[in-house]
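What the coordinates show
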Amino acid sequence: MRLAQLASSLPPRNRRVLALTVVPMLALASLGLLLEPIWYSFAAQRDWRAEVRKTFASAAHATQSQTSLQEQLGSLQASALWTKLYPAASDSSAGASLQADVSAVLRAQQVEPQMLTPLATSAEGQFKKIGTRFTCSARIDQVQKILAALATHSRYLRVERLKISAPQSQQANENAPLAIVLDVSGYQLIRGAAPTSDSISAGVRP
Amino acid sequence: MQTLNAIRSGWARRRASTVATELVSFGHWWLSELKDCAKAFRSKLLGDNASYVLIVDDDQASLQPFPIEAGAQPLLLAVTALPQSRDVIAAPGKANPHLRIYLRGHRVLFCAFALPSMDERHVADAIGLQAERRSPIDIHELYLGWRIARTYEDGSREVELAMVRRSDVDLLRRIASTSGWDLKAVIPGEPEAESTGAPNLLPRSSARLAFTMGSTEKKLLACACGLALVWMLTIWGQSVYERWTLDEQVEHAQAQLRQIADQTALLKKQSAPVVALRELMQRPDAASALEAFSASLPHDAWIYDAELQTTPQGIQIHVEGYAKSAPALTSALEDSRRFTSVQLVQASASSQNADEQRFELRAQLSSGVRR
């Protein structure tokens, strides 16, 4: 009874404040304290069920997915595109290989390179670009065949710059020799980006 | 030890009882305080209700303010004029004035009788039986009001019973309601009789209900709490059981999904160079630009100097040569839509052929997909 008596003995204004604000707020807070843990456990269980449902739905196709991923990793390792790049041994050896490849293409068309100038090596994304400038003299049909051979080469050879100069005076039916400057680039994978059989087998856990 | 437990248990019971009493009394205080607040608010908003007393005799009624002042002249009305009664008084507040009706004369049948000693619970039924026995009218057509006038030492009671036709009371209720009165009570007898505990004949539905926490209510509350507890325990048990039974399967499935995620990440990482190389191979180079430029040249044009160079924006082309019309050549290149920024740098008459123009132009092959 002491609590009720104490409340009754308050001044009217305080009594009203107590009755209209403090008591309802205390009642709501008590109710919240009681309901919050219950609601929390409900929500946690509901979330757990949703997560489990999602996990089981995804795991239903896990075996097929793993097989498919394994196949993709295998086909990636065996991809012919890797052979388009020069091996990541050293810049000088890749540059020499590039010069040899392009020189072989030129010589296949009876064109002898007059001058070879190595270009500065630069990084392009995950690749290292190795370039060489070839200066030579060739007729237009030879140029056409050289460009076609470069496009279909087993390595990816990109013509970065092409300068062709013809004599200004020539006969109508003459196939005059042209001065050719050809900047060709090859690509080498930056060390660490290449796939290894170890990493592929480590990724496959049947 | 048993004594100690008994003392502890008794102390706990007393303490629980004290807390419950405190809470109940505080709850009562709070409710009564809320009621007072509501009354004060209503009074402030609508003004105080005026109260009136209507004393209905056989064919005449008298209306006067309540409490009745000695010597005040009541307003006399015919019973048939009751519907207009609200109009003849001044309404000091916005709310409907209260009205208490006292029924006298032949409209009320009074009787008194004694009841033998009996349990309190059976008193109402016993009075109903007495009323049925004593009433000349069917009991279902009557409203009954009674009071215990006296209780003797041997437990017997003296009862005063009032019976009024339901049709009379219902008519008065209807009239009061449609005339804008707030009917508070219909009491058989004189106004002075109310202080002695005269009954209110208004049907119980319009009377204020009181709620007391008896043993039945306590049992019901305990049952409800027990049911809630059982329900919560069931839900909790279900969640524990679900987690316990599914834990291993969930872990296995999550391990599989983690493996798939690892493989996917590895595949994405290792395929990135291949994707980049494919994109690089699809970008045009100087050789493909020369091929595209040659295809776009008119048959009557030929070039003697060409320089094509790849840049991040595309392939920059610079050519010099001869054509029938240098502006027409420029238009043809622009119309092909493969070249942008086509710019005729210089055009002059050819020194070798009067029908030809020597030209120098720049253009750019957009870095789209290789043809």
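Turning our eyes to something else, we now look at the overall build of chain A. Each helix and strand counted, chain A has 6 helices and 4 strands in total. The order of α-helices and β-strands along chain A, N terminus first, is α-α-α-α-β-β-α-β-β-α. When the 206 residues of chain A are sorted by exposure, 20% land in the buried category. Within chain A, counting contacts between residues at least 6 apart in sequence, those at least 24 apart form 70% of the total.

When helices and strands are tallied, chain B shows 6 helices and 12 strands. Considering chain B as a whole, with its 371 residues, one finds that 18% of them fall into the buried category. A sequence separation of at least 24 residues applies to 58% of the contacts in chain B between residues at least 6 apart.

What follows covers the sheet that holds strand 4 (residues 178–189) of chain A. Here we have 8 strands laid out as an open sheet, ordered 1(A)-2(A)-4(A)-3(A)-9(B)-10(B)-12(B)-11(B), and antiparallel in their pairing. Each having just a single partner strand, strand 1 (115–124) of chain A together with strand 11 (339–349) of chain B make up the two edges of the open sheet. Across the sheet, the mean angle from the axis of one strand to that of its neighbour is 15 degrees, orientation sign disregarded. Bridging between strand 3 (residues 158–165) of chain A and strand 9 (residues 302–311) of chain B involves 5 bridges; their strand directions are antiparallel. Opposite lysine 163 of chain A, over in strand 9 of chain B, you have glutamate 307 of chain B as the bridge partner. Sheet strands in contact with helix 5 (residues 286–296) of chain B are strand 3 of chain A together with strand 9, strand 10 (314–323) and strand 12 (357–366) of chain B, and its direction is about 50 degrees off that of strand 3 of chain A.

Moving on, we come to the interface of chain A and chain B. One frequent convention defines the size of an interface as the accessible area lost when the parts assemble. The partner chain B presents 45 residues to the 51 residues of chain A that form the contact. Elements that contribute at least two residues to the side of chain A that touches chain B include exactly helix 1 (2–8), helix 2 (12–59), helix 3 (62–77), helix 5 (140–151), strand 3 and helix 6 (197–203) of chain A. The residue makeup of the side of chain A that touches chain B, split by class, is 29 nonpolar, 14 polar and 8 charged.

Moving on, we get to the sheet that holds strand 6 (residues 142–151) of chain B. Residue and element names in this part refer to chain B. Taking strand neighbours across the sheet as the criterion, the 3 strands line up as 5-7-6 in an open arrangement whose pairing is antiparallel. Each edge of the sheet is formed by a strand with only one pairing partner; in this case those strands are strand 5 (108–115) and strand 6. Averaged over all pairs of adjacent strands, the angle between their axes in this sheet comes to 20 degrees, without regard to strand direction. Sheet analysis places strand 6 next to strand 7 (residues 157–165), joined by 9 bridges and oriented antiparallel. Opposite glycine 145, over in strand 7, you have alanine 162 as the bridge partner. Each of strand 5, strand 6 and strand 7 is contacted by helix 2 (residues 123–134), which is oriented at about 55 degrees to strand 7, the strand it contacts most. Set on the sheet, helix 3 (residues 166–178) makes contact with strand 6 and strand 7; between it and strand 7 the angle comes to about 65 degrees.

With that out of the way, let us pick up the packing of helix 3 of chain A against helix 4 (residues 215–282) of chain B. Between two packed helices, both the angle of their axes relative to each other and the distance between the axes serve to describe the pair. In contact at an axis separation of 10 Å, helix 3 of chain A and helix 4 of chain B are set at 20 degrees when each is read in the N-to-C sense. Taken together, helix 3 of chain A and helix 4 of chain B sit at an angle that is classed as roughly parallel. Between helix 3 of chain A and helix 4 of chain B lies a crossing of left-handed hand. On helix 4 of chain B, the residues that touch Ala62, Ser65, Gln66, Leu69, Gln72, Leu73 and Leu76 of chain A of helix 3 of chain A are Gln256, Leu257, Gln259, Ile260, Gln263, Thr264, Leu267, Gln270, Ser271 and Val274 of chain B.

A word on helix 6 (residues 326–335) of chain B. All names here are of chain B. Taken together, the buried positions of helix 6 are occupied by Ala326, Leu329 and Leu333. All buried residues of helix 6 lie within an arc of 55 degrees about the axis, which places them on one face of the element. The exposed set on the far side of helix 6, more than 90 degrees from its buried face, consists of Pro327 and Asp335. Buried-residue contacts for helix 6 involve helix 5, strand 10, strand 11 and strand 12. Of the residues trailing helix 6, arginine 337 is marked for its positive phi of about 65 degrees.

Rules used in this analysis
- Residues numbered from 1 in each chain as written.
- Chains lettered and ligands numbered in written order.
- Predicted model: local features only at pLDDT ≥ 70, side-chain atom pairs only at ≥ 80, totals over all residues.
- Helix = DSSP H or I, 4+ residues; strand = E, 2+ residues; numbered from the N terminus.
- Buried ≥ 20, exposed ≤ 12 C-beta atoms within 10 Å, placed from the backbone.
- Contact = placed C-beta atoms within 7 Å.
- Pairing = 2+ DSSP bridges.
- Axes fitted to C-alpha atoms, helices over the stretch in contact; angles between N-to-C directions.
- Nonpolar A, V, L, I, M, F, W, Y, C, P; charged D, E, K, R; others polar.
- Parallel < 35°, antiparallel > 145°, perpendicular 65-115°, else oblique.
- Left-handed = near helix turned anticlockwise from the far one by under 90°.
- Arc of directions from axis to C-beta.

This is a description of form; function is not addressed.
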